[in-house]
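Here's the letter readout for the chains.
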Amino acid sequence: MSQHALKRAQSALVVICTRGGEFLLLRRTRPAGFWQSVTGSLAPGETPRHAAAREVWEETGLRVGGALIDLRQSVLFPIIPAWRQRYAPNVCFNREYRFALILDSRRRIQLNPREHLEYRWLPAHTAAALTGSWTNRETIETVAARLAWL
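Residues numbered from 1 in each chain as written. Predicted model: local features only at pLDDT ≥ 70, side-chain atom pairs only at ≥ 80, totals over all residues. Heavy atoms only, no water.

Let's talk about the packing of aromatic side chains
Then, number 1: Under the counting rule described, the total for this entry stands at zero aromatic pairs.
Then, number 2: Residue placement shows R63 over the ring face of W57; its charged tip is 3.6 Å from the ring centre. (Phe/Tyr/Trp six-rings, centres within 6.5 Å; stacked < 30°, edge-to-face > 60°. Lys NZ or Arg CZ within 6 Å of the ring centre and 35° of its normal.)

Here's what the structure looks like:
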């Protein structure tokens, strides 16, 4: 991979749900069987908020407008060895910024077939159990707890 194509070790995670407590999960094309919320790396010069909005549009076809909620949380996690070649040499950790998008009801999702094979709207506990990412699980649980207060 050329230096220009290396990924930035910062990403945005967006948990999308309905006010009724249904959470959107997407099944990735790779690795097989991996379910997650919307996520993606920040482009050079891009803010976490802009990356989150862009990724929601690219992965679901939804426009967030001003509805994107910055959870004001971030976490540093190790990049799995199989994916480290996507980053500069000696980059072993990624900083993930967390966001939520709370919809009044389910929306039609337009998947990017290069990235995702299917999607499901699930209760929080099912979505948290299905996702392959501990950071995604934590964020679903955080958003589910906040929904109870809305």
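Describing the environment of E115
Then, number 1: Among the secondary structure elements, E115 is positioned in the loop between β6 (93-103) and β7 (116-123).
Then, number 2: The spatial distance from the C-alpha of E115 to the C-alpha of L26 is 9.1 Å, given a sequence separation of 89 residues.
Then, number 3: When neighbours within four sequence positions are excluded, E115 is seen to be in contact with R27, R28, T29 and E59. (Helix = DSSP H or I, 4+ residues; strand = E, 2+ residues; numbered from the N terminus. Contact = heavy atoms within 4.5 Å.)

Looking at unusual backbone geometry
Then, number 1: For the bond from R30 to P31, the omega torsion is -10°, close enough to zero to count as cis.
Then, number 2: Residue position: P31 is located in the loop between β2 (22-28) and β3 (35-36).
Then, number 3: For R72, which is not glycine, the phi dihedral falls at a positive 55°.
Then, number 4: Relative to the assigned elements, R72 resides in strand β5 (residues 68-78).
Then, number 5: Located in the positive-phi region is N90, a residue other than glycine, with phi close to 70°.
Then, number 6: Tracing the chain through its elements places N90 in the loop between β5 and β6.

Digging into the pairing of β2
Then, number 1: Across the seven residues of β2, five count as buried, placing the element largely inside the fold.
Then, number 2: Where β2 and β7 come together, seven bridges link them in antiparallel fashion. Among the inter-strand pairings, E22 is bridged to a residue of β7, identified as P123.
Then, number 3: In terms of strand pairing, β2 meets β3 through two bridges, oriented antiparallel. Looking at β3, one finds that R27 is bridged to W35. (Buried < 20%, exposed > 50% of the residue type's maximum accessible area, 1.4 Å probe, protein only. Pairing = 2+ DSSP bridges.)

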